[in-house]
Amino acid sequence: MEPLETPRVSRKVLGGAPEEASEAPERLTFVESLGRSCILAVSDLGDFSFFVVKALAALVGLRSWISKLVRAIFEMGVRCIPIIITVGCFTGLIIGLQGYRTLARFGSESALGSMVVRSLVNGLAPVLAALMVVGQAGSALAAELGIQRNSEQIDAIETMGVNPLGYFVAPRLIAALVVFPVHTAVFDIVGIVGGYLSGVLLLGQQSGVYWQNVHDALEPSNVGGGLEKSLIFGFVVTAICAFEGYNTHRRSSETGARGVSQSTTRAVVYSSIAVLALDYLITSVQH
Amino acid sequence: MSTPFLEIRGVKKSFGSHLVLDGIDLQAERGSITTIMGKSGIGKSVLLKCIAGIYQADEGEILIEGKRSAGARSRSPDTPRLSYLFQGNALFDSMTAMDNVALPLVETTKTKPRAIREKVLALFEQLDLGDVADKYPNQMSGGMQKRVALARALITQPQLILFDEPTTGLDPQRKNSVFTMIADFRRKFDFTAIIVSHDIPEVLFISDRAEWMDRGQIRFVGAPTDLEQVRDPVLLDFVNHRNELLSELAGQKGRTALFADWPELRRSYDFFVVANCTTERRRPGSELGLRRFVSYREAVAAVVGIERKHSQVYFLDERHFGFAIGGVEAGSVQAEAERLLQAVSDGSNLKNITRYHWGTHAYRLAEVLNPAALWALEENAEVVANTHHLPK
């Protein structure tokens, strides 16, 4: 059984799509279509789980994994820092601006620092940081693996006796566990500074009050909760992007560049949905 | 009976409801070159990928040295090493040529980096790739990329190499040099090769065995020379179609006519060696690599002497002959013709010669006769016509 290597026709068959263009399309009732979609979704989920488990198992026996990990951290981490800083800064500025005005209505503008921290640390920072990394590193990962699949580079690695999941995917999954919390922490810091810029420098709140509130609101449970989320987001979105790119040949209805385009789009969309859905779930559990 | 190095028994492979391989049986002896021919999209590459273990066969077995093969996935040190030369080379575009070729050693052995580098550089030297070590694939020509991919396939000194259309996209000279490389390296490294190629007859010059695939099965198995005796209309159409199509495209009706005349020619002469039949005009006496270009008259003069002695006619094709004799310095046409003749006389090297001879028949003759540059040399044409009664 080769759930990952089978070309895309297997998915078509599972989905009941016609094998040959000349064959008449099968007419399905709404319920049948729904049922088939559910089966496909469960099948995809099973494939995805297999993929993740096999990628992690491939870590065993992986040679020079430290250099691969460092490279993956550089690609996913360092290159995304500018976008994290930019988005973090603007997010802090907006929260500072909106928050100050909202709080001022109730005469509670002194709580701005607290509001910025609570909004960011266990809420927006892990989500937005994850979405930004999905947009930059995740899409790049899916496209890179898709192109490597199409140009048979993944097959080439396999014929060298090297596990392609270990070579291409596993280091990135581990790198995500390092990179996402760091990104979230950077987002937190820059966001808080952004809140300071708009709340204190632009709107005139007292600096000491702002920082005191920030200090009070920065509880270990908040910070820890945010980092927990970032760990989970990082692992899941990296796995989704890698899965889509690695299986471009069997999950896309088109071949070549269009196939890569489809898998990259799917990677970004599914990852973004996963981040928001997981955020809801984790937040529900945390509180 | 000895066990074949590679044995495929009843391999079937489907993608969905589409049956691609429908019970493939194939055997390859150790150190042999087997060519798999067939139309595009009939599953030749799928078969190679099944052998390599990239795809798992639905049914049947693939045995290497009599043991079930896990393809390239096997990590066992006892398993014969296997390499795959991909049609598109599959070089890593973010890596230099050095890193690409070193990759299999870096990832699968404990060889020290310096030793790996020395090994790669030595291989580059052998493949005439001296200055590409630090170049990226997009900085190399197609021929260079192909040689780098070949170097990567050879670096682990595999016992089995699978070549998936190794000459796709190369010009005729590069094609010949790739086939020459494969033949040379097969002798040097003693690997078994399975080649999927559409370059007929060129690939057959270096093949020990030809297999023709159609509708998911092997329909023809034999020595390349056996293809001459084949009567299967589909195979005949496949083998001959290229020439006819080229004739149509180029408006060169003479090729088809010549092909039709070939059986007649064969009855008269057993062997043909064609001299200086390049489509380019080259000055007699000029040199290209190890080959010296001779005039047609010079070549025919050599041939005439032989003919008197043995009533056989030889033509030497400078390009394909140089290729066919596999790196022997073609110092003079006459010397080579005599060498061939001697080999024919004592039967010591008959297989190679007949193989070459098969590849040179009508297609090669057509090539000689068509270029106006050659026929325009009336004096030579006259000699040829008088000597061999070829249609003018």
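Computed from a prediction, not measured in an experiment: that's the story for all the values here.

Reading the values: rules and limits
- Residues numbered from 1 in each chain as written.
- Chains lettered and ligands numbered in written order.
- Predicted model: local features only at pLDDT ≥ 70, side-chain atom pairs only at ≥ 80, totals over all residues.
- Helix = DSSP H or I, 4+ residues; strand = E, 2+ residues; numbered from the N terminus.
- Buried ≥ 20, exposed ≤ 12 C-beta atoms within 10 Å, placed from the backbone.
- Contact = placed C-beta atoms within 7 Å.
- Pairing = 2+ DSSP bridges.
- Axes fitted to C-alpha atoms, helices over the stretch in contact; angles between N-to-C directions.
- Core = buried A, V, L, I, M, F, W, Y, C linked by C-beta atoms within 7 Å.
- pLDDT = per-residue confidence, 0-100.
- Parallel < 35°, antiparallel > 145°, perpendicular 65-115°, else oblique.
- Left-handed = near helix turned anticlockwise from the far one by under 90°.
- Nonpolar A, V, L, I, M, F, W, Y, C, P; charged D, E, K, R; others polar.
- Expected span 1.5 Å × (residues − 1).

1. Some remarks on the overall build of chain B
Right, so step 1: The secondary structure content of chain B amounts to 15 helices and twelve strands.
Right, so step 2: Residue burial in chain B is summarised as follows: out of 392 residues, 41% are buried.
Right, so step 3: Considering only contacts in chain B between residues 6 or more positions apart, those separated by 24 or more positions represent 68%.

2. Some thoughts on the overall build of chain A
Right, so step 1: A count of helical and extended segments in chain A gives eleven helices and zero strands.
Right, so step 2: Reading chain A from its N terminus to its C terminus gives the helix and strand order α-α-α-α-α-α-α-α-α-α-α.
Right, so step 3: Structurally, chain A occupies a C-alpha span of about 70 × 50 × 30 Å along its principal axes.
Right, so step 4: The proportion of buried residues among the 287 residues of chain A is 44%.
Right, so step 5: Looking at chain A alone, contacts between residues at least 24 apart form 84% of all its contacts between residues at least 6 apart.

3. Some points on the sheet that holds strand β1 (residues 6-15) of chain B
Residue and element names in this part refer to chain B.
Right, so step 1: A sheet is described by the order of its strands in space; here four strands give the open sequence β2-β1-β4-β5, paired in antiparallel fashion. What marks the edges here is a single partner per strand, and that holds for β2 (18-28) and β5 (67-68).
Right, so step 2: For β1 and β2, the ladder comprises eight bridges, and the chain directions are antiparallel. If you follow K12 over to β2, its bridge partner there is D22.
Right, so step 3: The strands that helix α1 (residues 44-52) touches are β1, β2 and β4 (59-64); relative to β2, the one it contacts most, it runs at about 65°.

4. A closer look at the nonpolar core
Right, so step 1: Counting residues in hydrophobic clusters, the biggest one holds 139 residues, and the most contacted among them are A130(A), L85(B), A151(B), L162(B), F163(B) and I194(B).
Right, so step 2: The biggest single contributor to this core is helix α5 (residues 112-150) of chain A, with 20 residues.
Right, so step 3: Filtering out sequence-adjacent residues up to four positions away, F163(B) remains in contact with L85(B), I182(B), A193(B), I194(B), I195(B) and V196(B).

5. Here's the deal with the environment of C89(A)
Residue and element names in this part refer to chain A.
Right, so step 1: Take C89: it is sitting in helix α4 (residues 81-105).
Right, so step 2: Exposure remark for C89: the 17 C-beta atoms within 10 Å place this residue in the partly exposed category.
Right, so step 3: Here the alpha-carbon distance between C89 and V200, two residues 111 residues apart in the chain, equals 14 Å.
Right, so step 4: The contact partners of C89, leaving out residues within four places of it in the chain, are V190 and G194.

6. Re the pairing of β1(B)
A regular strand places its side chains so that they alternate between the two faces of the sheet.
Residue and element names in this part refer to chain B.
Right, so step 1: Hairpin connection between β1 and β2: a loop of two residues separates the two successive antiparallel strands, and G16 in this loop has a positive phi of roughly 65°.
Right, so step 2: Sheet analysis places β1 next to β4, joined by five bridges and oriented antiparallel. Bridge pairing in β4 links I8 to I62.

7. A few points about the confidence of the model for chain B
Residues and elements named next belong to chain B.
Right, so step 1: Scored by pLDDT, chain B has a mean of 65; 57% of the residues are at 70 or more.
Right, so step 2: Considering each helix and strand of chain B separately, the mean pLDDT is smallest for helix α14 (residues 372-375), with a value of 28, and largest for strand β8 (residues 192-196), with 93.
Right, so step 3: When the criterion is pLDDT under 50, residues 242-334 qualifies, and its contacts beyond four places in sequence or with other chains add up to 149 contacts.
Right, so step 4: Low pLDDT (under 50) marks residues 343-392, which in the prediction has 76 contacts with non-local residues, meaning those over four places away or in another chain.
Right, so step 5: Interface confidence for the predicted complex, given as ipTM, is 0.75, next to a pTM of 0.71.

8. Here we look at the sheet that holds β8(B)
Residues and elements named next belong to chain B.
Right, so step 1: Here six strands make up an open sheet; going across it, the order is β6-β7-β8-β3-β9-β10 and the pairing mixed. Strands with a single pairing partner mark the edges of an open sheet, and in this sheet they are β6 (82-85) and β10 (217-222). With strand direction ignored, the average angle separating the axes of adjacent strands in the sheet is 20°.
Right, so step 2: As judged from the five bridges shared by strand β9 (residues 209-214) and β10, these two strands associate in the antiparallel manner. What sits directly across from E211, in β10, is V221.
Right, so step 3: Here helix α4 (residues 142-154) sits on the sheet in contact with β6 and β7 (160-164), set at roughly 170° to β6.

9. Considerations on α1(B)
Residue and element names in this part refer to chain B.
Right, so step 1: With nine of nine residues buried, α1 is to be regarded as a mostly interior element.
Right, so step 2: Listed as buried for α1 are K44, S45, V46, L47, L48, K49, C50, I51 and A52.
Right, so step 3: Backbone geometry just downstream of α1 places G53 in the positive-phi region, at approximately 85°.

10. Some words on the packing of α5(A) against helix α9 (residues 220-246) of chain A
Residue and element names in this part refer to chain A.
Right, so step 1: Closest axis-to-axis distance for the α5/α9 pair is 8 Å, and the angle between their directions is 20°. Taken together, the axis directions place α5 and α9 in an arrangement best described as roughly parallel. The two elements α5 and α9 meet at a crossing, and its hand is right-handed.
Right, so step 2: Here the residues of the contact of α5 with α9 are counted per class, giving 16 nonpolar, ten polar and four charged.

11. Focus: α4(B)
Right, so step 1: With 13 residues, α4(B) extends 18 Å between its outermost C-alpha atoms, agreeing within 8% with the 18 Å of an ideal straight helix rising 1.5 Å per residue.
Right, so step 2: Of all 13 residues in α4(B), ten are buried, a share of seventy percent or more.

12. Side note on unusual backbone geometry
Residues and elements named next belong to chain B.
Right, so step 1: Look at A90: it is not a glycine, yet its phi comes out positive at around 55°.
Right, so step 2: Residue placement: A90 occurs in the loop between β6 and α2 (97-108).
Right, so step 3: A positive phi is found at E165, a non-glycine position, where the angle reads about 45°.
Right, so step 4: One can find E165 in the loop between β7 and α5 (172-189).

13. A word on the packing of α2(B) against helix α3 (residues 113-126) of chain B
Residue and element names in this part refer to chain B.
Right, so step 1: Their axes nearest at 10 Å, the elements α2 and α3 cross at an angle of 125°. When the axis of α2 is compared with that of α3, the two are oblique. Viewed along their axes, α2 and α3 form a crossing whose handedness is right-handed. Facing M98, V101, A102, L105 and V106 of α2, the residues of α3 in contact are I116, V120 and L123.
Right, so step 2: Its residues assigned to classes, the contact of α2 with α3 shows eight nonpolar, no polar and no charged.

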